[in-house]
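Structural features, examined
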Amino acid sequence: MDENEFENAGEFVPTRFLADDGGAKGTEGNFKWMPFGGGVSMCSGRHFANYHVKIFLTTLLTNFKFSVDADKSRLPITVGNINRGFGLRRPKGDLYVKVTRK
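Residues numbered from 1 in each chain as written. Predicted model: local features only at pLDDT ≥ 70, side-chain atom pairs only at ≥ 80, totals over all residues. Heavy atoms only, no water.

This part takes up the overall build of the chain. Of the regular secondary structure elements, the chain holds 1 helix and 4 strands. What you see in the chain, going N to C, is helices and strands ordered as α-β-β-β-β. A total of 102 residues make up the chain; the buried ones form 11% of that total. Nonlocal contacts in the chain, meaning residues at least 24 apart in sequence, comprise 35% of its contacts between residues at least 6 apart. When the accessible surface of the chain is totalled, it reaches about 9,000 Å², and 57% of it is carbon and sulfur. (Helix = DSSP H or I, 4+ residues; strand = E, 2+ residues; numbered from the N terminus. Buried < 20%, exposed > 50% of the residue type's maximum accessible area, 1.4 Å probe, protein only. Contact = heavy atoms within 4.5 Å. Areas by Shrake-Rupley, 256 points an atom, 1.4 Å probe, with all protein chains shown as cover.)

Structure (C-alpha cells):
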C-alpha cells in the first residue's frame, strides 16, 4: 500500500476499508479503497477461475444424474421468497437429492 494514501500502510488494519455507515469504501469509483483491486488492476485470474467453474459444472452434469429423493423430501416442493443475495428461490423445506453415476 502507498504511504501517501494510507496511514500506517504496512500494518494490517482491515477497518480502514469500512465507510462510516458500515459499508465498504470504494463503491463510488475510488479503487484505492478496495484491497483486492478493481478497474484495470482487478484480479488477473478471475476469468481463468470462471472458466474452470464452467468446466467443473459441465463435468458434473455430464457424468452424474441428479434427482429429487421423494422418500426424504417433502412433496410437492414449495418455494419461498426470493433470496436477496443470489436472486434465487429456495425450497421452504429440506430438499434431498440423489446423485448417481450415468
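This brings us to the environment of S73. Within the secondary structure, S73 is located in the loop between β1 (64-68) and β2 (79-83). Classification of S73 as buried rests on a relative accessible area of 7%. Distance in space between the C-alpha atoms of S73 and L95 is 5.2 Å, their sequence separation being 22 residues. Setting aside chain neighbours within four positions, we find S73 in contact with V68, D94, L95 and Y96.

Here we take up the packing of aromatic side chains. Two aromatic rings are characterised by how far apart their centres lie and by the angle between their planes. Throughout the structure, instances matching the rule amount to 0 aromatic pairs. Over the face of the ring belonging to Y96 we find K72, whose NZ or CZ atom lies 5.7 Å from the ring centre. (Phe/Tyr/Trp six-rings, centres within 6.5 Å; stacked < 30°, edge-to-face > 60°. Lys NZ or Arg CZ within 6 Å of the ring centre and 35° of its normal.)

Inspection of the secondary structure assignment puts D69 in the loop between β1 and β2. Buried charge without a salt bridge: D69, with K98 as the nearest opposite-charge side chain at an N-O distance of 4.1 Å. When residues no more than four places from it in sequence are discounted, the contact partners of D69 are Y96, V97 and K98. (Lys, Arg positive; Asp, Glu negative; His and termini not counted. Salt bridge = Lys/Arg side-chain N within 4 Å of Asp/Glu carboxyl O.)

Turning our attention to a nonpolar patch on the surface. A cluster of nonpolar side chains, contributed by L61, F66, V68, L75, I77, V79, L95, V97 and V99, occupies part of the molecular surface with about 760 Å² of accessible area. Broken down by secondary-structure element, the contributors of at least two residues to the nonpolar patch are β1 and β4 (97-101). The residue L95 is located in the loop between β3 (88-91) and β4 in this model. When its relative accessible area of 39% is taken as the criterion, L95 is described as partly exposed. (Patch = residues over 30% accessible without salt bridge, like charges linked within 9 Å, V, L, I, M, F, W, Y side chains within 5 Å.)

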